[in-house]
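Here are the chains, one letter per residue:
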Amino acid sequence: MQQRTDEAAGPGRYDAAPYLPRLNAGLAALRRAAADCHGCPLFEGASQTVFGAGDTRARLMLVGEEPGDQEDRAGEPFVGPAGRLLARATEDAGIDPDHTYLTNAVKHFKFTRPGGGKRRIHKSPTLREMSACRPWLDAELRQVAPEVVVTLGATAGRALLGSSFRVTRERGVLRPLPGADDGTRLVATIHPSAVLRADDSDRAAAYDGLVADLRVAVTALG
Ligand code: URA
């Protein structure tokens, strides 16, 4: 199916809020409701909603950008190469990846098909799509109530820290999660796919940087 762009979708408001179940619904109910979310046009091209997954009582929540091609097919976040690298980095930082909760700022895969072919190439979500999807992330934050949130990459960082966020400038620093009144803290880092994309000569340093940032989060858990 051809992906509609923001412009093609017209001036209507994008918002997932009407699709959320009543306040304080548990994660299972949220996941079921998210499956039917039409809060922005991204549902039209994607195979399914990819809701968060992992330890629902995790002290550490990892937030990526959006599901990729493999996640879109599987219906689970971070099951592809970036996810495998992230699991290794998490473990190297000192926390069992099974004890984390993984989610994304946007719950549908956004892509283009160059030349109209079969291949689906990831496209970053717009600010408008991120804002529309935000109620799901807020509901996950309320339900999981992590002590520390790690944003992975520029898009996830912008989703939680605002549009002026710059990952190179602001990564690796423990700070309050904006809007949280319960002491939840946040550390921003690079996206694991940036490690995969790095030149051979830079990859080890990029990986070590990711682990170092994750270690800031793990250390904050005490
Ligand atoms: N990249 C992301 O940001 N999220 C996923 O779930 C997979 C790849």
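Residues numbered from 1 in each chain as written. Predicted model: local features only at pLDDT ≥ 70, side-chain atom pairs only at ≥ 80, totals over all residues. Heavy atoms only, no water.

## Observations concerning the packing of helix H1 (residues 27-34) against helix H4 (residues 127-144)
Here H1 crosses H4 at 165°, and the two axes come no closer than 10 Å. Here H1 is positioned roughly antiparallel relative to H4, judged by the angle of their axes. Crossing of H1 over H4 shows left-handed handedness. For the pair formed by H1 and H4, the contact residues are Leu-27, Leu-30, Ala-33 and Ala-34 on the first element and Trp-136, Ala-139, Glu-140, Gln-143 and Val-144 on the second. The class makeup of the residues in the contact of H1 with H4 is seven nonpolar, one polar and one charged. (Axes fitted to C-alpha atoms, helices over the stretch in contact; angles between N-to-C directions. Helix = DSSP H or I, 4+ residues; strand = E, 2+ residues; numbered from the N terminus. Parallel < 35°, antiparallel > 145°, perpendicular 65-115°, else oblique. Left-handed = near helix turned anticlockwise from the far one by under 90°. Contact = heavy atoms within 4.5 Å. Nonpolar A, V, L, I, M, F, W, Y, C, P; charged D, E, K, R; others polar.)

## What about the site of the ligand?
Around the ligand, the neighbouring residues are Gly-64, Glu-65, Glu-66, Pro-67, Gly-68, Glu-71, Pro-77, Phe-78, Asn-104 and His-191. Phe-78 is positioned such that a nitrogen or oxygen atom in its backbone is 2.9 Å from an oxygen atom of the ligand. Within the complex, the protein chains bury 92% of what would otherwise be the 240 Å² of accessible surface of the ligand. Looking at side-chain class alone, the shell around the ligand contains three nonpolar, four polar and three charged residues. (Near = heavy atom within 4 Å. Polar contact = N/O pair within 3.5 Å; in protein donor to acceptor, adjacent residues only side chain to side chain. Areas by Shrake-Rupley, 256 points an atom, 1.4 Å probe, with all protein chains shown as cover.)

## Side note on a negative patch on the surface
On the surface, Glu-91, Asp-92, Asp-96, Asp-98 and Asp-208 cluster together to form a negatively charged patch. Owing to a relative accessible area of 32%, Asp-96 belongs among the partly exposed residues under this scheme. (Patch = residues over 30% accessible without salt bridge, like charges linked within 9 Å, V, L, I, M, F, W, Y side chains within 5 Å. Salt bridge = Lys/Arg side-chain N within 4 Å of Asp/Glu carboxyl O. Lys, Arg positive; Asp, Glu negative; His and termini not counted. Charge placed at Lys NZ, Arg CZ, Asp CG, Glu CD. Buried < 20%, exposed > 50% of the residue type's maximum accessible area, 1.4 Å probe, protein only.)

## Considerations on the nonpolar core
Core analysis: the largest hydrophobic core is formed by 60 residues, its most contacted members being Leu-60, Leu-62, Trp-136, Val-149, Val-150 and Leu-160. Ranked by the residues each element gives to this core, the list is headed by helix H8 (residues 200-221), at nine residues. Discounting chain neighbours no more than four positions away, the residues touching Val-149 are Met-61, Val-63, Leu-141, Leu-160, Leu-177, Thr-184, Arg-185, Leu-186 and Val-187. (Core = buried A, V, L, I, M, F, W, Y, C linked by side-chain atoms within 4.5 Å.)

## What to know about unusual backbone geometry
The backbone of Phe-78 sits at a positive phi, close to 55°, despite the residue not being glycine. Tracing the backbone shows Phe-78 in the loop between helix H2 (69-74) and helix H3 (81-92). Despite not being glycine, Ala-145 has its phi angle at roughly 50°, a positive value. By the secondary structure assignment, Ala-145 is in the loop between H4 and strand S6 (148-152). Exposure remark for Ala-145: the relative accessible area of 45% places this residue in the partly exposed category.

## Observations concerning the pairing of strand S8 (residues 185-189)
Counting buried residues along S8, four of its five residues qualify, which places the element largely inside the surrounding structure. Pairing of S6 with S8 involves five bridges; the strand directions are parallel. Paired with Val-149 across the two strands is Leu-186, which belongs to S8. (Pairing = 2+ DSSP bridges.)

## What about the side chain of Glu-65?
Take Glu-65: it is sitting in the loop between strand S2 (60-64) and H2. Buried charged residue Glu-65 carries no salt bridge. Nearest counter-charge: Arg-158, at 6.5 Å. In terms of polar contacts, Glu-65 uses its side chain to reach the side chain of His-122, at 2.3 Å. Here Thr-155 takes part through its side chain, which lies 2.6 Å from a polar atom of the side chain of Glu-65.

## Thoughts on the confidence of the model for the protein
The predicted model of the protein averages 94 in pLDDT, with 95% of residues at 70 or higher. Confidence drops under pLDDT 50 across residues 1-9; counting only partners more than four residues distant or on other chains, this segment forms 18 contacts. (pLDDT = per-residue confidence, 0-100.)

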